[in-house]
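# Fold and geometry: a report
Each chain, written out:
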Amino acid sequence: MNHSSIRSTLNSNKLILAGALIFILLCIMYFYEASPKRHSVLIHDLGQTRTWLESQSWSHKQLKALPSYLQDAVHNHALLQDDGYVEIFGKYSVYYREVKPGKSRPIVGGVVFLHGEHYTSQRWMEMGTLHLVANMGLRAIAVDLPGNGHTLPLSLARTTDVARFMGTLFTVLKLDRPVLVSPSTSNNYSLPVVFEEVQILAGFVCISPNDKGLHDAGQLHDKQIPTLLIYDGNKLETNHSVSSLRHLPNSRAFYLGHRDDSNVPTNHRRSSFHDGIFVHKQEFHYLLYNFLQLVVKNITDHRGLS
């Protein structure tokens with residue numbers, strides 16, 4: 001074989017090898033992007049460390065990537081939208097916004113979204129969260145809490161009054177054991193339900209809660225409700241609710257974002273983080289999707305559906 005043939009063969013082998021390496025690299029990049037681990041920079045699983053909880057399903061659930069059809073749910077024109085008022089106690093009106101599956105799809109449950117201070121139900125609509133949840137076959141309802149948005153103020157002095165208010169709200173909205181999503185200061189409405197009437201909930205999502213309203217954490221030991229806890233990474237060390245709410249037996253805690261403010265642009269620090277979800281919407285939707293997948297199964301099992 002002459003030198004020209006040898007050189008040609010070597011060049012061909014190099015091209016084949018280079019092509020194979022590029023193919024392998026593209027495959028690695030594809031599977032990395034498709035993996036839920038792509039969120040690992042922003043999502044940190046605090047898990048559930050109590051050994052007596054090892055049998056609980058949610059605390060050890062393997063998380064899955066958010067399907068592409070849910071990422072673009074806001075453009076699903078088959079979903080139905082509505083808004084209006086419901087009456088509580090026969091005279092008090094609460095404003096709500098709702099997105100639900102189209103008439104051809106069965107509804108398998110409901111999710112009620114509260115809001116933090118300075119926000120209203122409109123925020124959930126803007127985020128596309130209501131559409132995403134409705135695309136999972138659930139009624140997604142966001143309400144304006146008393147004294148916010150289109151809902152007038154209402155005085156609820158006792159914890160039992162708040163629990164009764166929330167229970168009545170679920171009833172007039174025709175919701176059977178909904179999931180309750182509660183960011184920040186709205187835990188003044190959600191925690192009384194967990195403490196007093198937890199059986200009326202199918203699941204609880206508590207986002208960057210403040211410490212107010214956390215009564216005796218010891219009362220949480222017997223509350224078996226599946227719970228997703230999400231915290232702002234910047235406030236993790238100073239938020240006592242982290243340790244308090246993790247007394248919930250079937251809970252799993254995550255924090256979103258960076259733990260070090262020096263790595264975060266000034267305009268994205270604490271004030272704009274707002275409960276750990278609005279800046280990192282994609283990561284929040286990923287966690288919510290995984291949580292609701294489990295809860296939907298629990299709802300259908302409870303109703304005797306296959």
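One can find the structure itself at the top, above this paragraph.
Residues numbered from 1 in each chain as written. Predicted model: local features only at pLDDT ≥ 70, side-chain atom pairs only at ≥ 80, totals over all residues. Heavy atoms only, no water.

### Examining the nonpolar core
Our working definition: Note on terminology: a nonpolar core comprises buried Ala, Val, Leu, Ile, Met, Phe, Trp, Tyr and Cys residues joined through side-chain atoms within 4.5 Å. For every residue, the accessible area (1.4 Å probe, protein chains only) is compared with the maximum for its type, and the residue is labelled buried under 20%, exposed over 50%, or partly exposed between those bounds. Where helices and strands are cited, they refer to DSSP runs of H or I of at least four residues and of E of at least two residues respectively, numbered from the N terminus. The contact definition used throughout considers only heavy atoms, calling two residues in contact when any of these lie within 4.5 Å.
Ranked by internal contacts, the top residues of the largest apolar core, which has 39 residues, are Phe113, Trp124, Val133, Phe284 and Leu292. With nine residues, helix α9 (residues 281–302) is the largest single contributor of residues to this core. Other than its neighbours up to four places away in sequence, Phe113 contacts Trp124, Thr129, Leu130, Val133, Ala140, Ile141, Ala142, Val143, Val181 and Leu288. Counting 35 residues, the second largest nonpolar core, distinct from the first, contains Phe165, Leu191, Phe195 and Leu229.

### As for the environment of Phe195
Note that Phe195 resides in helix α6 (residues 187–196). Its relative accessible area of 7% is what places Phe195 among the buried residues. Measuring from C-alpha to C-alpha, the distance between Phe195 and Ala163 comes to 8.6 Å, with 32 residues separating the pair along the chain.

### Remarks on the packing of helix α5 (residues 159–172) against α6
We apply this condition: In this description, a line fitted to the C-alpha atoms serves as the axis of each element, helices being fitted only across the stretch in contact, and the angle between N-to-C directions of two axes falls anywhere from 0 to 180 degrees. If an angle is under 35 degrees, it is roughly parallel; if it is over 145, roughly antiparallel; if it lies from 65 to 115, roughly perpendicular; otherwise it is oblique. Throughout, the ten residues Ala, Val, Leu, Ile, Met, Phe, Trp, Tyr, Cys and Pro are labelled nonpolar, Asp, Glu, Lys and Arg are labelled charged, and all others, Gly among them, are labelled polar.
Look at α5 against α6: their axes get within 8 Å of each other, and the N-to-C directions meet at 95°. As judged from the angle between their axes, α5 and α6 are roughly perpendicular. Where α5 approaches α6, its residues Thr159, Thr160, Val162, Ala163, Phe165 and Met166 are matched on the opposing element by Asn188, Tyr189, Pro192, Val193 and Glu196. The class makeup of the residues in the contact of α5 with α6 is seven nonpolar, three polar and one charged.

### Side note on the side chain of Asn135
What counts here: Contacts described as polar in this section are N or O atom pairs within 3.5 Å, which, within protein, must combine one atom able to donate a hydrogen with one able to accept it, while residues neighboring in sequence count only if both atoms come from side chains.
Considering the arrangement of structural elements, one finds Asn135 in the loop between α4 (129–134) and β5 (138–143). At 3.3 Å, the side chain of Asn135 forms a polar contact with the backbone oxygen of Tyr69. Separated by 2.6 Å, the side chains of Asn135 and Asn76 make a polar contact. Discounting chain neighbours no more than four positions away, the residues touching Asn135 are Tyr69, Leu70, Ala73, Asn76, Leu79 and Arg105.

### Here's the deal with the pattern of salt bridges
Operational definition: Any Lys or Arg side-chain nitrogen found within 4 Å of a carboxyl oxygen on Asp or Glu counts as a salt bridge.
A full pass over the atoms with the stated rule returns three salt bridges. For Arg139, the salt bridge is made with Glu98, and the minimal N-O distance between the two is 2.6 Å. On the criterion of sequence distance, the pair formed by Arg139 in strand β5 and Glu98 in strand β3 (residues 92–100) is long-range, its members being 41 residues apart. A salt bridge links Arg158 to Asp161, with the nearest nitrogen and oxygen atoms 3.2 Å apart.

### A few points about the environment of Gly84
Structurally, Gly84 can be placed in strand β2 (residues 80–88). Residue Gly84 is classed as buried on the basis of its relative accessible area, which comes to 15%. Each C-alpha atom of the pair Gly84 and Tyr95 lies 5.7 Å from the other, and the pair is 11 residues apart in sequence.

### Quick notes on the pairing of strand β7 (residues 203–207)
Consecutive residues of a regular strand have side chains that alternate between opposite faces of the sheet. The condition that has to hold: The criterion for strand pairing is that DSSP finds at least two bridges linking the strands in question. Orienting the strands away from the viewer, one traces the path from the first strand over the helix to the second; a clockwise path indicates a right-handed crossover.
The buried fraction of β7 is high, at five of five residues. Of the two faces of β7, the one lined by Gly203, Val205 and Ile207 and the one lined by Phe204 and Cys206 are each fully buried. Here strand β6 (residues 179–183) runs beside β7; their pairing, made up of five bridges, is parallel. In the sheet register, Val179 faces β7, and the bridge partner there is Gly203. Traced from β6 through α6 to β7, the parallel crossover comes out right-handed.

### Examining α5
Applied cut-off: Expected span of a helix: the number of residues minus one, times 1.5 Å.
Relative to the 20 Å expected for 14 residues at 1.5 Å per residue, α5 spans 20 Å between its end C-alpha atoms, a close match to the ideal helical length. In the core, the buried residues of α5 are packed alongside β2, β3, β4 (109–113), β5, β6 and α6. A positive phi of about 60° marks Lys174, the residue just after α5.

As far as function goes, none of this settles anything; it's purely spatial.
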